Amino acid sequence: MGIFKPMKSKTAIKSKITKEEIEQRLAVGNAVAEIEKMKRGMSGGLIVSSDTPFKEVPLQSLSHIGKSTDHIYKDVQGELSTFLNKLGEYAFSPSETKRYFPNNKIKYLIELMKKANMELEARYIMDIFKDRVKQLNGGKLPTVKEKSGLFGKVTERQMKPEEIALKFQIEENYPPGENKPLNVVGTQESLMNHLYEMLLNSEDILDPLKKGPRKTVARFLQAAGMLNPATKDPREKYFVACLMTPDKIQPQSIQDMDRLIKLQVIIKKGTEWLEEKLSASRQSSDQSSASQ
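Computed from a prediction, not measured in an experiment: that's the story for all the values here. (Residues numbered from 1 in each chain as written. Predicted model: local features only at pLDDT ≥ 70, side-chain atom pairs only at ≥ 80, totals over all residues. Heavy atoms only, no water.)

S.K.: How should the overall build of the chain be read in this particular structure?
M.R.: In terms of helices and strands, the chain carries twelve helices and two strands. Secondary structure elements of the chain, listed N to C terminal, follow the sequence α-α-α-α-α-α-α-β-β-α-α-α-α-α. Partitioning the contacts of the chain with sequence separation of at least 6, the portion at a separation of at least 24 is 65%. Element-wise, carbon and sulfur atoms account for 52% of the exposed surface of the chain, whose accessible area totals about 17100 Å². (Helix = DSSP H or I, 4+ residues; strand = E, 2+ residues; numbered from the N terminus. Contact = heavy atoms within 4.5 Å. Areas by Shrake-Rupley, 256 points an atom, 1.4 Å probe, with all protein chains shown as cover.)

S.K.: Before we go on, may I ask you to explain unusual backbone geometry in this structure?
M.R.: Leaving glycine aside, a negative phi is the common case for residues, and trans is the common case for peptide bonds. Phi angles above zero are rare outside glycine, and Asn103 is one such case at about 60°. For Asn103, the position within the fold is in the loop between helix H5 (97-100) and helix H6 (107-115). Residue Asn104 is not a glycine yet carries a positive backbone phi of 55°. You can see Asn104 is positioned in the loop between H5 and H6.

S.K.: So what exactly am I meant to see when it comes to helix H9 (residues 188-200) here?
M.R.: Every α-helix winds through 3.6 residues per turn, so residues three or four apart in the chain are directed the same way. Along its 13 residues, H9 runs 18 Å from first to last C-alpha, staying within 8% of the 18 Å computed at 1.5 Å per residue. Among the residues of H9, Gln188, Ser190, Leu191, Met192, His194, Leu195, Leu199 and Leu200 are the ones counted as buried. Close packing links the buried residues of H9 with helix H4 (69-92), H5, H6, helix H7 (119-136) and helix H10 (212-223). (Expected span 1.5 Å × (residues − 1). Buried < 20%, exposed > 50% of the residue type's maximum accessible area, 1.4 Å probe, protein only.)

S.K.: What should I look at first to understand the environment of Leu112 in this one?
M.R.: With respect to the helices, strands and loops of the structure, Leu112 is situated in helix H6. Expressed as a C-alpha distance, the spacing of Leu112 and Gln222, which sit 110 residues apart in the sequence, is 9.2 Å. Residues within four places of Leu112 in sequence aside, it is in contact with Tyr100, Phe220, Ala223 and Ala224.

S.K.: So what exactly am I meant to see when it comes to the environment of Ser190 here?
M.R.: Within the element layout of this structure, Ser190 appears in helix H9. By relative accessible area, Ser190 is classed as buried at 15%. In sequence terms Ser190 and Glu172 are 18 residues apart; their C-alpha atoms lie 8.7 Å from each other. Non-local contacts of Ser190, meaning those with residues more than four positions away in its chain, are made with Asn183, Val184 and Val185.

Structure (structure tokens):
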């Protein structure tokens, strides 16, 4: 006769389920329900198409069962880091230099930064370029002569920043043979690297809880014609939502598990869109090189 093993009471079983596990299961359930609602639209008009491919999202969300909030936060942080790396390749690769410096002038970059509400950063970059112009001009800022007063007296004054931006070309890089400084200098390559570090490699933008730094990037890319908040492409809307994150998705704290999960899904989708754009760009570049 076998040994009888008494069944554990329901109370005993429930006591082994911790409060944290219950909260995690509830959060995942809420996340799945919210993602289903997202098929019918998001706040801010970013994702409104019923064609948006959310079929695999619930399964991805279920993978978070049993993970702590700290673990999920770090997962989202990892996805965000991958997304920003791809975004750097998309927006600040050497092939994009001509976008920011048409005709080898700095004027357009300064204008688009001001358009993106980055006035202080624009002044900083202009000051760096002025220093390079001054260096190339024998250590003095260039001057301009003009007539003034009732009798048309000719006077000489230093050029204004906007005049320097219009007149002088910005070098692609330091000339061969010159020792290139380690700090930011007024060349196209150096300023592109500076923009990348400033916009995509700060401590704040790597924090999923901080929405502001991503919005700054969105404004800059929109001014540069690389982000379209009104896009009709359902997949591109994920990319937009990564940077212009609707409140319904934006996590408010590290304990905000359901929004962290939703944000992670959106970032994955945005990264996939970027990878496709980069792949198409590489293929186009390869075909262009082969035809030459």
